[in-house]
Structures are given as structure tokens and as C-alpha cells.
Amino acid sequence: MKTKLPYAMGILCLFALLNACTPSKNSIDHYKADTQSTSKEDVACFVQMKDGTLKNFTSLKLVTGVFKTPHLLADGNTIIMAEDIKAYQSKEHYAISQKGFTATKPSYVAVDALPGFAVRVAKGRLNVYSLKYYNGHNTTEKFYLQSGDEGQIVAYTPEVMKELVRDNTEAFNFFTDKKKASVFPKNLLVAVDIYNNQRYFSKN
């Protein structure tokens, strides 16, 4: 009987240890599920029509090519032309028509998006849009800024950016640092990230 007691106690300890590990595994599985939910496959695809209505799709593909008018192909069979929509969300990005921008000359030869559309590269209290287009020799990129989702979308200038982040000391100081200014547009995007995350918030 004495020899069986340590053996039985060992079995009980092992069983308790296995049970203790179960919540950890569940936590890991839950974490994986959370991270997987942000994958491209889970991004909702839609187009916003000129009248503001939304049309949802399973997939949206940008179609370009020689002798082809650039357009979106929804769910593999529905053609959507740029002039019919205000914005669209594919699994790759959200893009918005330049027609909603202020004092901006439309671009007709775009890169990575429909012609005349800019891709959102930062979202939050301050949104940043990137417009890449072919100027006949190489690809050029321009940036646009928007305060919140309802603000006007305006062309980026250092002065405009300073005014928009003036109420956040850390973002303002980072953006106006002369050493960091030499690595544009990285300094712009990092400053916007600081501003949107509000790690520090104070009035100058």
C-alpha cells in the first residue's frame, strides 16, 4: 500500500498539471483567432457609389492593361468603372476619388489604384492618402491629409501638417525635427502614427 501511494500521488499531480495547461492553450488559440481575423481574407470588399450607397462584394480586383480602360472586377464577373463610384475597399486597400479633394488636378494614369483615386495609408484622427501616378518618365507619389473622416482632404505641405498636429507635442516635435525631415515620407507617417495613437497629448 505504501509503494502505491507515491505512484497515485504522481498521477494526480500530472493530471492537475495538464488541466492547468489547458487555459493557456485556449488563450493561445484565441490569440491566433484574433490575429487571423485581421488578415486580408477577412477584409470586407465594397464600393461606394456616387449617391453614397454601398455595394458589398466578396472580391474586388483592379484590371489594367494595354487597350483596356482601367476598372474594377467584382466577384469575377461585375465590371465597375471609376466614374461611377466615390470610393472602394478591396482586400489590398481603401481608395477614394480625387474628386473629393480640394484644389487638386485629377490624375488619369494611376499606379496601384483606379486612375483618379488615392490609397489611404494611415487611418485615425488624421488620415493620410497616397496618390501614385506615372508622369511619362517615372512614378511620382503625392500625399494628402484629412482631419478625421469628415474633414476636407487637402494636399500635403509641411505647413499644413504642422497645423494639423500642433495639439500633440510629441507628434509636432517629431515632425519638425530637422534630422528626421530628411527621410520623408517616413517622418510624415511616423508623426501621424504618434498623433493617432495619442501616446502624449498636450497643447503647445
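Residues numbered from 1 in each chain as written. Predicted model: local features only at pLDDT ≥ 70, side-chain atom pairs only at ≥ 80, totals over all residues. Heavy atoms only, no water.

**Student:** Before we move on, could you go through the pattern of salt bridges and cite the residues and values that matter?
**Tutor:** As enumerated under the stated definition, the model contains five salt bridges in all. Its salt-bridge partner being Arg125, residue Asp167 comes within 3.5 Å of it at the nearest N-O pair. Taken together, the residues span a long stretch of sequence, with Asp167 in the loop between helix H2 (158–164) and helix H3 (169–176) and Arg125 in the loop between strand S8 (117–122) and strand S9 (126–134) at a distance of 42 residues. Residue Arg125 is classed as partly exposed on the basis of its relative accessible area, which comes to 27%. (Salt bridge = Lys/Arg side-chain N within 4 Å of Asp/Glu carboxyl O. Helix = DSSP H or I, 4+ residues; strand = E, 2+ residues; numbered from the N terminus. Buried < 20%, exposed > 50% of the residue type's maximum accessible area, 1.4 Å probe, protein only.)

**Student:** Run through the pairing of S8, naming residues and quoting values.
**Tutor:** Looking at chain direction, strand S7 (residues 94–97) and S8 are connected through three bridges and run antiparallel. The partner of Ala95 across the bridge, within S8, is Val119. In this antiparallel pair of consecutive strands, S8 and S9, the connection spans three residues, and Gly124 shows a positive phi of 160 degrees. (Pairing = 2+ DSSP bridges.)

**Student:** Quick rundown of the packing of H3 against helix H5 (residues 186–197)? Include the residues and the values.
**Tutor:** The N-to-C vectors of H3 and H5 enclose an angle of 175 degrees; their axes lie 8 Å apart at closest approach. As the angle between them shows, H3 and H5 are arranged roughly antiparallel. Of the residues in H5, those in contact with Glu170, Ala171, Phe174 and Phe175 of H3 are Asn187, Leu188, Val190, Ala191, Ile194 and Tyr195. Split into classes, the residues belonging to the contact of H3 with H5 amount to eight nonpolar, one polar and one charged. (Axes fitted to C-alpha atoms, helices over the stretch in contact; angles between N-to-C directions. Parallel < 35°, antiparallel > 145°, perpendicular 65-115°, else oblique. Contact = heavy atoms within 4.5 Å. Nonpolar A, V, L, I, M, F, W, Y, C, P; charged D, E, K, R; others polar.)

**Student:** Can you lay out the sheet that holds strand S4 (residues 71–74) for me, pointing to particular residues and giving the numbers?
**Tutor:** As a general point, the strands of a sheet are linked pairwise by backbone hydrogen bonds and lie either parallel or antiparallel. The antiparallel open sheet is built from three strands, whose spatial order is S3-S4-S5. In this open sheet, the two edge strands, each paired with only one partner strand, are strand S3 (60–63) and strand S5 (78–81). Across the sheet, the mean angle separating the axes of adjacent strands is 30 degrees when strand polarity is ignored. Sheet analysis places S4 next to S5, joined by four bridges and oriented antiparallel. Counterpart to Leu72 in the pairing with S5 is Ile80.

**Student:** Give me the lowdown on the side chain of Asn127, citing residues and values where you can.
**Tutor:** Along the chain, Asn127 turns up in strand S9. The class for Asn127 is buried, based on a relative accessible area of 0%. Among the polar contacts made by the side chain of Asn127, one reaches the main-chain carbonyl oxygen of Gly148 at a distance of 3.1 Å. For Asn127, the residues in contact, after removing those within four places along its chain, are Arg120, Ala122, Tyr144, Leu145, Gln146, Gly148 and Asp149. (Polar contact = N/O pair within 3.5 Å; in protein donor to acceptor, adjacent residues only side chain to side chain.)

Geometry only, nothing functional implied.
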